[in-house]
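Each chain is listed here by its residues.
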Amino acid sequence: MSSDGDAPGFELPLRLFLAFRVIIDELHAELAGQGHPDLRPMHGFVFQAIGPDGTTAVELGRRLGVSKQAAGKMIESLERVGYVERTADPSDARRKIVRLTARGADSLDRSARIFDRIRDDWVRRLGAGRVRAMEHDLRQVTPADLWRLDFPGWFGMP
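These remarks concern the structure in this document. Quick caveat, the model's predicted, so the values are computed rather than measured. (Residues numbered from 1 in each chain as written. Predicted model: local features only at pLDDT ≥ 70, side-chain atom pairs only at ≥ 80, totals over all residues. Heavy atoms only, no water.)

## A short note on the side chain of His43
Argument step 1. Mapped onto the elements, His43 comes out in helix α2 (residues 41-50).
Argument step 2. Among the polar contacts made by the side chain of His43, one reaches the main-chain amide nitrogen of Arg40 at a distance of 2.8 Å.
Argument step 3. Apart from the residues lying within four places of it in its own chain, the contact partners of His43 are Asp38 and Leu78. (Helix = DSSP H or I, 4+ residues; strand = E, 2+ residues; numbered from the N terminus. Polar contact = N/O pair within 3.5 Å; in protein donor to acceptor, adjacent residues only side chain to side chain. Contact = heavy atoms within 4.5 Å.)

Here it is as structure tokens:
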């Protein structure tokens, strides 16, 4: 603690990360119970980076901030468990487009409902006003672009 009673500066990022971790761990426990035991926290970023129209491995790597090879390994592992598929690009048969399968889309739909339920739990525990204030305050100190997907590269993945 600092002399004025405030927590030391290093505690804020750790608490924010721990809150993220608590939410993500709860999400994945529920997803596993709902038929998606193979999903890992990284996969949510991958699914968002693939997007509704699909993408190439090169573009996926760029969006995630990882190498084409790392993106290719993620695609292969998600393809094996049925969350993505590779199809020929209608405009260039040499290119492959990675798309979410129905299973991948189902996991995103379930995730959205679980996130809403977790937020509702926080509202019950902390109060609606405090949760709204926390969200408002976080919007004030973070970039407007909510969908920054390059966390894998930022964390140092190849």
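## Describing the pairing of strand β1 (residues 84-89)
Argument step 1. Bridge analysis of β1 against strand β2 (residues 92-100) gives 6 bridges, and the strand direction is antiparallel. When the bridges of β2 are listed, Val84 appears paired with Leu100.
Argument step 2. Between the antiparallel neighbours β1 and β2 lie 2 residues. (Pairing = 2+ DSSP bridges.)

## Side note on the nonpolar core
Argument step 1. If you look at the biggest cluster of nonpolar residues, it comprises 23 residues, and the most contacted ones within it are Val46, Phe47, Leu60, Leu64 and Val84.
Argument step 2. Mapped by element, the contributors of at least two residues to this core are α1 (11-33), α2, α3 (57-64), α4 (68-80) and α5 (102-126).
Argument step 3. Counting residues per element, this core draws most heavily on α2, at 6 residues.
Argument step 4. In this structure, Val46 is in contact with Leu60, Leu64, Met74 and Leu78, ignoring residues within four places of it in sequence. (Core = buried A, V, L, I, M, F, W, Y, C linked by side-chain atoms within 4.5 Å. Buried < 20%, exposed > 50% of the residue type's maximum accessible area, 1.4 Å probe, protein only.)

## Focus on the environment of Gln48
Argument step 1. Position of Gln48 relative to the elements: it lies in helix α2.
Argument step 2. We classify Gln48 as partly exposed; its relative accessible area is 33%.
Argument step 3. Counting along the chain gives 15 residues from Gln48 to Arg63, while the straight-line C-alpha distance between them is 9.7 Å.

## A short note on α3
Argument step 1. Inspection of α3 places Leu60, Gly61 and Leu64 among the buried residues, and these make up the whole buried set. Around the axis of α3, the buried residues are gathered within 100 degrees of arc, so they sit on the same side. What points out from α3, more than 90 degrees from its buried face, is the exposed set Val58 and Arg62.
Argument step 2. After α3 finishes, the residue Gly65 shows a positive phi value of roughly 75 degrees. (Arc of directions from axis to C-beta.)

## Concerning the pattern of salt bridges
Argument step 1. Evaluated as defined, the whole model comprises 13 salt bridges.
Argument step 2. Notably, a salt bridge pairs Glu26 with Arg117, separated by 2.7 Å at the nearest N-O pair. With Glu26 in helix α1 and Arg117 in helix α5, this residue pair connects regions lying 91 residues apart in the sequence.
Argument step 3. With a relative accessible area of 28%, Glu26 lands in the partly exposed category.
Argument step 4. Look at Arg117 and you get partly exposed, because its relative accessible area is 25%.
Argument step 5. As a salt-bridge pair, Glu59 and Arg62 come within 2.4 Å of each other at their nearest N and O atoms. Taken together, the residues span about one helical turn, with Glu59 and Arg62 both in helix α3 at a distance of 3 residues.
Argument step 6. In this structure Arg62 comes out as exposed when scored by relative accessible area, which is 57%.
Argument step 7. What emerges from the salt-bridge pattern is a single network uniting Glu26, Glu30, Arg117, Asp121 and Arg124. (Salt bridge = Lys/Arg side-chain N within 4 Å of Asp/Glu carboxyl O.)

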